[in-house]
Amino acid sequence: MSEQNHTPSEPQRGIELDSVFDDSWGENHKSGVVAIVGRPNVGKSTLVNRIIGEKIAIVSPKPQTTRKRQLGIYTQHDIQILFIDTPGLHAPQHKLGEIMVKDAEASLKDADVIVMMVDVSTPPEAGDKHLAETIERLRGDTPVFLVLNKIDLVAPEKRDLLVAENRALIAHEKTFVVSAMTGEGVSELLDNIKAKMPLGPRYYPADQLSESNFRFIAAETVREKIMLHTEQEIPHAVAVEIESYQERQDGTHYISAVIYVERDSQKGIIIGKGGEMIKRIGSEARKELETLTEARVFLDLRVKVLKNWRSDEKLMARLGYRTPKDDD
Ligand code: GDP
Ligand code: MG
């Protein structure tokens, strides 16, 4: 028996991406994360766009167009690579806030490869050196590929010197001399990145090319406001899940979030007298998100009691928390 309402069939799309990509993937499938680090304007977005093959990141002659971390997703039948641009590492920190910096640092630690990109058409700058130090501090065991970009701008007689100067910036596994603009050297870089990817699942549908990281930032912002305004016992009992995040065509962001607490008493505190507290949390978080996204934001908050949510591993994972791997 059917209890569904049948709606008139949707008009067919011109191109079915599902027929281009094989949506199944087997046990030899690989996946991983590449963190791309480089000072503004060295060509990070241009490189990701070239690899993904579509314009997903804004490329601009003005520095720092990409203010938020952005994900570029490269998918083939046997591999999926997530390219993350980490503006938190090189953008002015007061603007982006602690969350963005923490986020950027975490993405270095979690990466399978760190790509440090520099503009080889000029000698290294203070910004490059600062980033090299940051990478050194945070890389752990993660391999570093040094990508010397914009080689198309370098006169042949200057090439050796500029390459040598820039290579000396950081201890690294392999150097790639490329032009993200013309494509020179990019496929060799991509082949080497692929070789570093571990076995792993396909995280995103094959036709998805990018994801802005606003979901994560929205959840963290709401949590931050709760921590700011509630008693000490509350923060650790709280988790925020973004149920839906829609960037509408008119540029408005619609966010609906659930705040999980463990007890009714905690729910009462977060809602506050006459809903005052939740209003305050919502309005402060909304304002901050509007500044970050440079968009109009609608934020819908609900509070749910979920006893022992912290011992629910599936929920923890869904909320982006890491669960202890082993107990021994
Ligand atoms: P990002 O800030 O590191 O993401 O840099 P973008 O990708 O936005 O690039 C900054 C500027 O450098 C843009 O004007 C690009 O067109 C230009 N650019 C990027 N890669 C190359 C390259 O390989 N050669 C040349 N000549 N220009 C490039
Ligand atoms: Mg960029």
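Reading guide: rules and limits
Residues numbered from 1 in each chain as written. Chains lettered and ligands numbered in written order. Predicted model: local features only at pLDDT ≥ 70, side-chain atom pairs only at ≥ 80, totals over all residues. Heavy atoms only, no water. Helix = DSSP H or I, 4+ residues; strand = E, 2+ residues; numbered from the N terminus. Buried < 20%, exposed > 50% of the residue type's maximum accessible area, 1.4 Å probe, protein only. Contact = heavy atoms within 4.5 Å. Areas by Shrake-Rupley, 256 points an atom, 1.4 Å probe, with all protein chains shown as cover. Phe/Tyr/Trp six-rings, centres within 6.5 Å; stacked < 30°, edge-to-face > 60°. Near = heavy atom within 4 Å. Polar contact = N/O pair within 3.5 Å; in protein donor to acceptor, adjacent residues only side chain to side chain. Nonpolar A, V, L, I, M, F, W, Y, C, P; charged D, E, K, R; others polar.

Trainee: Now, about the overall build of the chain: what can you tell me, with residues and values included?
Mentor: Counting its secondary structure elements, the chain contains 10 helices and 10 strands. Counting across all 328 residues of the chain, residues that qualify as buried make up 45%. Long-range pairs, those at least 24 residues apart, make up 72% of the contacts in the chain with a sequence separation of at least 6. Total accessible area on the chain stands at roughly 18400 Å², and carbon and sulfur atoms take up 49% of it.

Trainee: Before we move on, could you go through the packing of aromatic side chains and cite the residues and values that matter?
Mentor: Considering all chains together, one arrives at two aromatic pairs under this definition. Residues Phe145 and Phe176 carry aromatic rings whose centres are separated by 5.1 Å and whose planes lie at 55° to one another, so their mutual orientation is tilted. With Phe145 in strand β5 (residues 144–149) and Phe176 in strand β6 (residues 174–177), this residue pair connects regions lying 31 residues apart in the sequence. Of the two residues, Phe145 and Phe176, both sit in the buried class. Between Tyr254 and Phe298, the aromatic rings sit 5.0 Å apart at their centres with planes inclined by 10°, giving stacked as the arrangement. One end of the pair, Tyr254, is in strand β9 (residues 253–261); the other, Phe298, is in strand β10 (residues 297–305), and 44 residues separate them in sequence.

Trainee: Requested: an account of unusual backbone geometry, with residues and values cited.
Mentor: A positive phi is found at Asn41, a non-glycine position, where the angle reads about 80°. Among the secondary structure elements, Asn41 is positioned in the loop between β1 (30–37) and α2 (44–52). According to the relative accessible area criterion, Asn41 is partly exposed, its value standing at 34%. Residues other than glycine seldom take positive phi values, yet Lys150 does so here, at roughly 70°.

Trainee: Explain the site of ligand 1 to me, and be specific about the residues and the numbers.
Mentor: Contacts to ligand 1 come from 17 residues, most closely from Asn41, Lys44, Ser45, Thr46 and Asp152. At 3.0 Å, a backbone N or O of Gly43 approaches an oxygen atom of ligand 1. Ser179 places a side-chain nitrogen or oxygen 3.1 Å from an oxygen atom of ligand 1. Taken by itself ligand 1 offers 580 Å² of open surface, and the protein chains cover 87% of this. It is α2 that provides the largest number of residues to the shell around ligand 1, a total of three residues. Looking at the shell around ligand 1, its residues break down into seven nonpolar, seven polar and three charged.

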